[in-house]
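Spelled out, the chains give:
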Amino acid sequence: MGLIIKNASYIVTCTDSILDGVIENGYIIIKDGLIKSIGTGVIPDCLCDKNIEIIDAKGKTVTPGLVDCHTHLVHGGSRENELPMKLSGVPYIKILESGGGILSTVRATRELSKEQLKDKARKSLDQMLIHGTTTVEAKSGYGLDFDSEIKCLEAAKELNIEHPVDIVSTYMGAHAIPPEFKGNNKGYADFMIKDVMPYIKENGLAEFADIFCEDGVFSVAESEYIMKKSKELGFKLKIHADEIVPLGGGELAAKMGAISAEHLLAVSEQGINDMADANVTAVLLPGTSFYLMTGKFAPARKMIENGVRVAISTDYNPGTCPTENLQTIMTFACFGMKMTPLEIIKGMTINAAYAIGRENEIGSIEIGKKADLVIFDSPNVNYIVYHFGINHVDKVVKGGKIVANNGILK
Ligand code: IZC
Ligand code: ZN
């Protein structure tokens, strides 16, 4: 069985090879879960096969399946209780220092069983899928002790098999200092390096290691130490860098050969240049900028002008961006960072695929790539970004099969 999508008003291929990555009045032919042919106008007879299901995408826009390359998918609880504090101006780090913030989610996560965590995360994956996300990166970091981190990573690994959305896992034990190591950052770092990470590696529970490099969390020196050890253990590196204070996280990402640096609201000019030179993908999270209430967004235009590859993601988490919907994030990326709709779509597809090392399999509509596609009930890309707060997805195709139709999972 195959699938043909025909008459699409626009196909945003997210490659640079075909007409700036956009085809008008296009078709896509899919076989065995892969993209077999792409073209414009009428489909040549020789490419058609009687056993093929046909979707007429007249008036619609087709993009690669969206890749959400930075989420904290598996966690317990929620943090709407922080809203009054946020409204009265209490800064994010102050809430964390007083035992709230990330640490309140750690308490809620430790209390849940693996099955309970999976049930909650599965609901999020369903939301992601109906909104067009076909691959998601999932960070641990709300368990912090050995058993709780492994429980969360195992939950993600099992969901990857059970749910249509593909999940790429990251170990982020270095998300906060747990209460049992309060005041002993070095002790916690060595616990992660000696006791947790080797087990994760042996059991294939995570491919990347991430760290929250921030004033009041992990310093640049501590981050460098943990990154060096993570690399020696065979993890690829990611870093939450320059989210609130300009510490030089962008520079550190480049120095350590990280695949990506994330947030970057306060990145320096040097950091931008270093990231461009070292080919570090910037993962920008404008939903978090919005939610932090500081009015500050990452300098996306400056990064693009300086040759940094820019990916965009939700940062889905219970504290600073509680949404699974990448379409809402598109609007924040446009209005908050002045990115064009085409730059944003690329940021959520091919550039996001680079941020998780999947650029050869997904992220663009190219012959031989996996047939992960979204059909938007929108006449063009600008319309999706402009008409915000609703779900524009008509159909989601995952590995050549329709997995969501008009907001309903199949
Ligand atoms: O739970 O506050 N920035 N980690 C780093 C977060 C935000 C998530 C949270
Ligand atoms: Zn994050």
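Residues numbered from 1 in each chain as written. Chains lettered and ligands numbered in written order. Predicted model: local features only at pLDDT ≥ 70, side-chain atom pairs only at ≥ 80, totals over all residues. Heavy atoms only, no water.

## Structural notes on the overall build of the chain
A tally of helices and strands in the chain yields 15 helices and 17 strands. On C-alpha atoms alone, the chain measures out to a radius of gyration of 21 Å, which is about the 22 Å that the 2.2 N^0.38 rule sets for 410 residues. Overall, the chain is about 70 × 45 × 45 Å in size when its C-alpha atoms are taken along their principal axes. When each of the 410 residues of the chain is scored for burial, the buried share is 58%. Approximately 15900 Å² of the chain is accessible, and the part contributed by carbon and sulfur atoms is 53%. Charged side chains of the chain number 42 positive and 52 negative; the gap between the two group centres comes to 2 Å. (Helix = DSSP H or I, 4+ residues; strand = E, 2+ residues; numbered from the N terminus. Rg over C-alpha atoms; globule rule 2.2 N^0.38 Å. Buried < 20%, exposed > 50% of the residue type's maximum accessible area, 1.4 Å probe, protein only. Areas by Shrake-Rupley, 256 points an atom, 1.4 Å probe, with all protein chains shown as cover. Lys, Arg positive; Asp, Glu negative; His and termini not counted. Charge placed at Lys NZ, Arg CZ, Asp CG, Glu CD.)

## Some words on helix H9 (residues 269–278)
Gly271, Ile272 and Met275 are the residues of H9 that are buried. Down the axis of H9, the sector holding all buried residues measures 100°, keeping them to one side. In H9, the exposed positions that point more than 90 degrees away from the buried face belong to Glu269 and Asp277. Of the surrounding elements, those touching the buried residues of H9 are helix H8 (249–256), strand E11 (260–263), strand E12 (281–284) and helix H11 (300–305). The N-capping residue of H9, defined by a side-chain oxygen 3.4 Å from the backbone nitrogen of Gln270, is Ser268. (Arc of directions from axis to C-beta. Contact = heavy atoms within 4.5 Å. Polar contact = N/O pair within 3.5 Å; in protein donor to acceptor, adjacent residues only side chain to side chain.)

## Digging into the site of ligand 1
The local shell around ligand 1 consists of Arg79, Tyr92, Ile102, Tyr142, His175, Phe212, His240, Glu243, Asn317 and Thr320. Within the side chain of Tyr92, an N or O atom sits 2.6 Å from an oxygen atom of ligand 1. Glu243 places a polar side-chain atom, nitrogen or oxygen, 3.1 Å from a nitrogen atom of ligand 1. If ligand 1 stood free it would expose 270 Å²; the protein chains cover 100% of that surface. Across the shell around ligand 1, the residue classes break down as four nonpolar, four polar and two charged. (Near = heavy atom within 4 Å. Nonpolar A, V, L, I, M, F, W, Y, C, P; charged D, E, K, R; others polar.)

## Things to note about the coordination of the zinc ion (ligand 2)
Here the zinc ion (ligand 2) is held by His70 (NE2), His72 (NE2), His240 (NE2) and Asp315 (OD), and the distances to it run 2.0 to 2.6 Å. Note that the zinc ion (ligand 2) binds four donor atoms; their angles at the metal cover 74 to 161°, and the shape is irregular. Spacing between the donor residues of the zinc ion (ligand 2) along the chain follows H-x1-H-x167-H-x74-D. A residue pair is termed long-range when its members are at least 10 positions apart, and His240 in strand E10 (residues 236–241) and Asp315 in the loop between strand E13 (310–312) and helix H12 (326–337) qualify at 75 residues. Both residues of the pair, His240 and Asp315, count as buried. (Donors = N, O, S within 2.8 Å, 3.2 Å for Na, K, Ca; no water. Tetrahedral: all angles 85-135°; square planar, octahedral: opposite > 155°, others 65-115°.)

## Things to note about the pairing of strand E3 (residues 34–40)
Bridge count for strand E2 (residues 22–31) against E3 is six bridges, and the pairing is antiparallel. Of the residues in E3, the one forming a bridge with Ile28 is Ile38. Hairpin geometry of E2 and E3 is characterised by an intervening segment of two residues between the two adjacent antiparallel strands and by a positive phi of about 50° at Asp32. (Pairing = 2+ DSSP bridges.)

## Quick word on a nonpolar patch on the surface
Residues Leu83, Leu87 and Met293 make up a contiguous nonpolar surface patch of about 310 Å² in total accessible area. In this structure, Leu83 sits in helix H1 (residues 83–87). Judged by relative accessible area, Leu83 falls into the partly exposed class, the value being 37%. (Patch = residues over 30% accessible without salt bridge, like charges linked within 9 Å, V, L, I, M, F, W, Y side chains within 5 Å. Salt bridge = Lys/Arg side-chain N within 4 Å of Asp/Glu carboxyl O.)

## What to know about the packing of helix H7 (residues 220–232) against H8
Orientation of H7 relative to H8, taken along the N-to-C sense of each, is 25°, at an axis distance of 11 Å. Classed by the angle they form, the pair H7 and H8 counts as roughly parallel. Seen along the crossing, H7 lies across H8 with a hand that is right-handed. Here Val220, Ser223, Glu224, Met227, Lys228 and Lys231 of H7 come into contact with H8, specifically with Leu252, Lys255 and Met256. (Axes fitted to C-alpha atoms, helices over the stretch in contact; angles between N-to-C directions. Parallel < 35°, antiparallel > 145°, perpendicular 65-115°, else oblique. Left-handed = near helix turned anticlockwise from the far one by under 90°.)

## Some thoughts on the domain arrangement of the chain
When its domains are assigned, the chain resolves into domain 1 (2–64 + 365–409) and domain 2 (66–355). Opposite the 28 residues of domain 1 that make contact, domain 2 presents 21 residues. Buried area between domain 1 and domain 2, summed over both chains or domains, comes out near 2100 Å², and the portion from carbon and sulfur atoms is 70%. Among the residues domain 1 hides against domain 2, the three largest losses belong to Cys14, Val385 and Leu409. Together they make up 26% of the total. (Domains from an automatic or database assignment. Buried area = accessible area lost by both parts, 1.4 Å probe.)

## Considering the packing of helix H5 (residues 146–162) against helix H6 (residues 185–202)
The interhelical angle for the contact between H5 and H6, taken along N-to-C directions, is 30°, at an axis separation of 11 Å. Judged on the interaxial angle alone, H6 and H5 are roughly parallel. Crossing angle aside, the handedness with which H5 passes H6 is right-handed. Seen from H5, the contacting residues are Phe146, Ile150, Leu153 and Glu154; seen from H6, they are Phe191, Asp195, Val196, Tyr199 and Ile200.

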